[in-house]
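Close look at the chain arrangement
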Amino acid sequence: MDEPGNGSKQKGQFRSRELFRTQRKESEGSVDCPSVEFEYGDVDSVTAELSELFSYTEQPEFNLNKRCFEEDFHSQVKGTKWPDLDIAQRKAYVMRLLDGLEVVDREKRLKVARAILYLAQGVFGDCSSESEILRWSRSNAFLLYEMGAFAAFLELLNMEIDNIQACSSALRKPAISLADSTELRVLLSVMYLLVENIRLPVEPDRPDWGIAKETFKTELSFPVQTEEPFALLLFNMVTKFCSGHAPHFPMKKVLLLLWKVVLFTLGGFEDLQALKVKKREELGLPPLPEDSLQVVCSMRAASPPAYSMEFLEQQQKRGRRVRRPLVKQDSLDLYNERDPFKNDEGILDEEDNDDVDSGIEGELDPMERDVIIQPMASSHPLAERVTFPKGLPWAPKVRERDIENFLESSRNKFIGFTLGHDTDTLVGLPRPIHESVKTLKQYKYVSVADVQIRNEEDLENCPMSLGEEIVQETPCEVLYQTMLYNLPQYMIALLKILLAAAPTSKAKTDSINILADVLPEEMPITVLDSMRLGIDVNRHKEIIVKSISALLLLLLKHFKLNHIYQFEYVSQHLVFANCIPLILKFFNQNIMSYICAKNSICILDYPYCTTHELPELTAESLETGDTNQFCWRNLFSCINLLRILNKLTKWKHSRTMMLVVFKSAPILKRALKVKQAMMQLYVLKLLKLQTKYLGRQWRKSNMKTMSAIYQNVRHRMNDDWAYGNDIDARPWDFQAEECTLRANIESFNSRRYDKNPNWEFAPVDNCLQSVLGQRLELPEDFHYTYELWLEREVFSQPIHWEELLNE
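**Some thoughts on the overall build of the protein chain**
Within the protein chain, the regular secondary structure consists of 39 helices and 0 strands. Taking all 807 residues of the protein chain together, 49% fall into the buried category. Restricting the contact set of the protein chain to residue pairs at least 6 apart, pairs at least 24 apart contribute 80%. Summed over all atoms, the accessible surface of the protein chain reaches about 41,700 Å², with 53% contributed by carbon and sulfur.

See below:
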């Protein structure tokens, strides 16, 4: 017989083992993750952005570019190097190279293009350090642009896009490789290096570069030689690739160039903030309550409790759970998705596990006790042991509609009737209501979008008195006009590529092949070569996700500022193309593993690989030099996708219901494991949107998440998001909401952009002199049959003048 207590002892050990296994399974090494020191911005460092242009399989082409340049250069300029030439000699040589692009022979053109690419890459053969390469790359970029290289390469790019022979050859091949896109890759690489180098801030001592930068920006923004801006050409390349007509297009380079062109021509996040301030001044609106960029950057990531062996020992020593009084909880319930005191057999799926959080009914979760409560031996009172936030980061906002709703309910309650949209008349209401209205008006916020919607309603209702709208021709306006009629196809194409590049997507036979410009002609035969190619493929996909997410976010933000209905048009087509479930699918993975992924080989990155002797390829050398705590581009992509999701769902109850239907709450809660303030903020915003629909039990089981929302997300005075009593939460209004929005968008596009509007108030010329004086284009044969027509239609027909009198 077993001794008394042996059974309970074995059960306790088994329980501890199961607890440890559950914790390890949940955390996957991320529970003790330190705060991520990440600085969000428009782009990564210059070196990182340039290195991401080239795949590792393109590395042998660096020496080929160098050889093409040196063969031509030394035949023209003997006994010297490129840095030793003066500016006049450089210009003369570049002009000679550009002349070589006009030859008929395809191979000779490609050699000259490679020589120009070597110049744009910074003549690394004559440099001894990375900084020197970057300096020459930038200097040569301005020189090439000044000599007309971009226009010449644009003509060649148009030729390659329309190259039917290359397209049909690629369609016939069973497997497309790097060799099928050689010319396109060289052309796009040169254009990207020019855009990226010229886009950067210019030093004050180079006024000529500043003039060239503004000229280049105007050239890219407005159609000068062609009928469309350069960005539209790249959008058309994306749709042509996704339609299957040009599978050999190097999509990574196209998307990177498209993103940088939009960033250059429209502006980044700081430019957007400055434009927003300027636009509010023009519309007579009060200044912004704060700079959102600065507020987000100053926020601190929440500190989730960490599992440790000490906690296990504490659990083994504890005989039972002691109930504690409720205290202030300042950490997220990131790791309470499952009850750690249950065995694996009792674990339900993630959606159900949100409702079994411990530490609710007056009991603090033991995993947080070490973080929040000091040891019980301490004599300090509880109030001193709790850390309270010093203040909320955001100024509260109130919409005009919120004030109207508040007054409507108050008047119904106290007077028995309402006054419509009147927010000034407070007769008959008690004094506390007066104070409430005063407070609401104090924090009233009128957005640029509110003014634009009101102006659009006036233009629709009073077309004769207000006349035609004067639309300023900004780069954003020009881009929207040219994108308008094919915009749904552009959005679908971008989301198709994003789906194919997402790490959670499984390979399907019907999915598009985005690896055409990374796979070599001959597949690797050794294990190390296979590892290198695997890293290259993963890196390739990450860069595509980064460029698409940044591009979509920039388009949404700029269109929203330019006109709200332009933003809504893009948003609706993203929603129709299933962007919301796609982003949720992207986050339905181990997000910490994705952010900490090491899919890069530092010794093969440009420009490092051009100035250093590469060591022999081994498993150790593949990981050499990468000391980063996380992958910048992956964290950047995650934040961008969360911001896009916020923009699509904000104030849209039908789309918020999509978040609920697709069970996004547990997916988003897992994303809170990343200890980065900006990413946590946008996750909490998305959770706040749907809390009213998740039910009382979910809110009860996730009080620490609710507390984090309260502390970090901006407050709307009348928004009872934490209780679910919102008057807008009516399911029967959802379909009507989208239909009304769509009708408003179509009305806006028709009024502003239809060339031949079928409009009942279209002007009619009633002046006989001007009508008869108009010059009409007549067909060529009219002069030969004119007399016959007069005889048959005019002279031979009797005119009964008396009928006019009778009428």
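**Some details on the pattern of salt bridges**
Inspection of the entire model under this criterion finds 34 salt bridges. In this structure, arginine 138 and glutamate 203 form a salt bridge, with 3.4 Å as the shortest nitrogen-oxygen distance. In this pair, arginine 138 sits in helix 6 (residues 130-146) while glutamate 203 sits in the loop between helix 9 (182-199) and helix 10 (207-221), placing the two residues 65 residues apart along the sequence. Accessibility expressed as a relative area gives 37% for glutamate 203, which makes it partly exposed. One salt bridge in this structure joins arginine 752 and glutamate 477, with 3.3 Å as the shortest N-O distance. With arginine 752 in helix 36 (residues 734-753) and glutamate 477 in helix 23 (residues 475-483), this residue pair connects regions lying 275 residues apart in the sequence. Accessibility expressed as a relative area gives 1% for glutamate 477, which makes it buried. Among the charged side chains, a salt-bridge network with shared partners connects Glu49, Glu52, Glu196, Arg199, Lys260, Glu542, Lys546 and Arg633.

**A look at the environment of serine 75**
Residue position: serine 75 is located in helix 3 (residues 60-76). Within the local environment of serine 75, its side chain forms a polar contact with the backbone oxygen of aspartate 72, the two atoms lying 2.6 Å apart.

**Points about the nonpolar core**
In terms of nonpolar packing, the biggest core is built from 189 residues, with Trp82, Phe230, Met491, Ile497, Phe587 and Met679 touching the most fellow members. Per-element tally for this core: the top contributor is helix 25 (residues 527-562), with 15 residues. In this view, methionine 679 contacts Phe587, Ile591, Ile595, Leu635, Cys638, Ile639, Leu642, Ala671 and Val674; residues no more than four positions away in its chain are not counted.

**A look at empty space enclosed by the protein**
Considering all chains together, one arrives at 6 cavities of 30 Å³ or more under this definition. Put simply, the largest cavity is a space of about 100 Å³. Secondary structure elements with two or more residues in the lining of the largest cavity: helix 5 (106-120), helix 7 (149-161) and helix 9. Here the lining of the largest cavity gets 4 residues from one element, more than from any other, and that element is helix 5. Its residues placed into classes, the lining of the largest cavity shows 5 nonpolar, no polar and 4 charged.

**Section: unusual backbone geometry**
Note: most residues except glycine have negative phi, and most peptide bonds are trans. The omega angle of the peptide bond from tyrosine 606 to proline 607 is 5°, so this bond is cis rather than trans. Note that proline 607 resides in the loop between helix 28 (591-595) and helix 29 (608-611). Despite not being glycine, asparagine 578 has its phi angle at roughly 65°, a positive value. Assignment of secondary structure puts asparagine 578 in the loop between helix 26 (564-576) and helix 27 (579-587). Classification of asparagine 578 as partly exposed rests on a relative accessible area of 45%. At tryptophan 651, a residue that is not glycine, the phi angle is positive and equals roughly 60°. Structurally, the position occupied by tryptophan 651 is in the loop between helix 30 (632-649) and helix 31 (653-661). What makes tryptophan 651 partly exposed here is its relative accessible area of 36%.

**Here we look at the packing of aromatic side chains**
Overall, the coordinates contain 32 aromatic pairs when judged by the stated rule. Look at phenylalanine 54 and tyrosine 606: their rings are 5.3 Å apart centre to centre, the planes differ by 65°, and that puts the pair in the edge-to-face class. Linking phenylalanine 54 in the loop between helix 2 (46-51) and helix 3 with tyrosine 606 in the loop between helix 28 and helix 29, this pair joins segments that are 552 residues apart in sequence. Between phenylalanine 586 and tyrosine 594, the ring centres sit 5.2 Å apart and the planes meet at 85°, which makes this aromatic pair edge-to-face. The exposure class assigned to tyrosine 594 is buried, which follows from its relative accessible area of 6%. Taken together through their ring pairs, the aromatic side chains of Phe54, Phe62, Phe69, Phe73, Trp82, Tyr93, Tyr118, Phe124 and Tyr606 make up a single cluster. Residue placement shows lysine 397 over the ring face of tyrosine 445; its charged tip is 3.8 Å from the ring centre. Stacked on the ring of tyrosine 56, the Lys or Arg arginine 539 has its end atom at 4.4 Å from the ring centre.

**With respect to a nonpolar patch on the surface**
Together, Tyr786, Trp789, Val794 and Phe795 line one region of the surface with nonpolar side chains, adding up to about 410 Å² of accessible area. Checked against the element boundaries, tyrosine 786 lands in helix 38 (residues 782-795).

**Remarks on helix 30**
Over its 18 residues, helix 30 extends 26 Å from the first C-alpha to the last, a length consistent with the 26 Å expected when each residue adds 1.5 Å. Following helix 30 by one or two positions, tryptophan 651 adopts a phi angle in the positive range, close to 60°.

**Considering the environment of valine 545**
Tracing the backbone through its elements, the reader meets valine 545 in helix 25. Along the primary structure valine 545 and arginine 633 are separated by 88 residues, whereas in three dimensions their C-alpha atoms are 8.9 Å apart.

**Considering the packing of helix 5 against helix 6**
Contact geometry for helix 5 and helix 6: axes closest at 7 Å, N-to-C directions at 130°. By the angle class used here, helix 5 and helix 6 are oblique. Contacts between helix 5 and helix 6 involve Ile116, Leu119 and Ala120 on the former and, on the latter, Trp136, Ser137, Asn140 and Leu144. Taken together, the residues of the contact of helix 5 with helix 6 break down into 5 nonpolar, 2 polar and no charged.

**Observations regarding the environment of leucine 187**
Following the sequence through the fold, leucine 187 ends up in helix 9. Leucine 187 sits 37 residues away from phenylalanine 150 along the chain, and the two C-alpha atoms are 9.6 Å apart. Other than its neighbours up to four places away in sequence, leucine 187 contacts Phe153, Leu156, Leu157 and Glu160.

**Some details on the layout of surface pockets**
A volume near 1,300 Å³ is recorded for the second largest pocket. For the lining of the second largest pocket, the secondary-structure elements that each account for two or more residues are helix 10, helix 12 (251-266), helix 13 (269-282), helix 14 (292-298), helix 21 (448-461), helix 23 and helix 25. For the lining of the second largest pocket, the element with the highest residue contribution is helix 13, accounting for 7 residues. The residue makeup of the lining of the second largest pocket, split by class, is 16 nonpolar, 12 polar and 15 charged.

**Structural notes on the state of the cysteines**
For the structure shown, the criterion picks out 0 disulfides. There is no disulfide at cysteine 631, and the cysteine sulfur nearest it, in cysteine 596, is 9.3 Å away.

**Remarks on the confidence of the model for the protein chain**
Averaged over every residue, the pLDDT of the protein chain is 82; the share at 70 or more is 81%. The low-confidence segment residues 317-389, where pLDDT is below 50, has 143 contacts with residues more than four positions distant or belonging to other chains.

**With respect to helix 21**
The terminal C-alpha atoms of helix 21 lie 20 Å apart, and with 14 residues this matches the ideal 20 Å at 1.5 Å per residue to within 8%. Turning to helix 21, the residues buried within the fold contact helix 13, helix 22 (463-466), helix 25, helix 26 and helix 36.

**Regarding the side chain of threonine 504**
Tracing the backbone shows threonine 504 in the loop between helix 24 (487-501) and helix 25. Among the polar contacts made by the side chain of threonine 504, one reaches the main-chain carbonyl oxygen of lysine 585 at a distance of 3.1 Å.

Here is what the cut-offs are and how they apply
Residues numbered from 1 in each chain as written. Predicted model: local features only at pLDDT ≥ 70, side-chain atom pairs only at ≥ 80, totals over all residues. Heavy atoms only, no water. Helix = DSSP H or I, 4+ residues; strand = E, 2+ residues; numbered from the N terminus. Buried < 20%, exposed > 50% of the residue type's maximum accessible area, 1.4 Å probe, protein only. Contact = heavy atoms within 4.5 Å. Areas by Shrake-Rupley, 256 points an atom, 1.4 Å probe, with all protein chains shown as cover. Salt bridge = Lys/Arg side-chain N within 4 Å of Asp/Glu carboxyl O. Polar contact = N/O pair within 3.5 Å; in protein donor to acceptor, adjacent residues only side chain to side chain. Core = buried A, V, L, I, M, F, W, Y, C linked by side-chain atoms within 4.5 Å. 1 Å grid on protein atoms, 1.4 Å probe; cavity = no way out; pocket = protein on both sides within 12 Å on 5 of 7 lines; lining within 4 Å. Points joined across faces, edges and corners; volume = space filled by probe spheres on them. Nonpolar A, V, L, I, M, F, W, Y, C, P; charged D, E, K, R; others polar. Phe/Tyr/Trp six-rings, centres within 6.5 Å; stacked < 30°, edge-to-face > 60°. Lys NZ or Arg CZ within 6 Å of the ring centre and 35° of its normal. Patch = residues over 30% accessible without salt bridge, like charges linked within 9 Å, V, L, I, M, F, W, Y side chains within 5 Å. Expected span 1.5 Å × (residues − 1). Axes fitted to C-alpha atoms, helices over the stretch in contact; angles between N-to-C directions. Parallel < 35°, antiparallel > 145°, perpendicular 65-115°, else oblique. Disulfide = S-S within 2.5 Å. pLDDT = per-residue confidence, 0-100.

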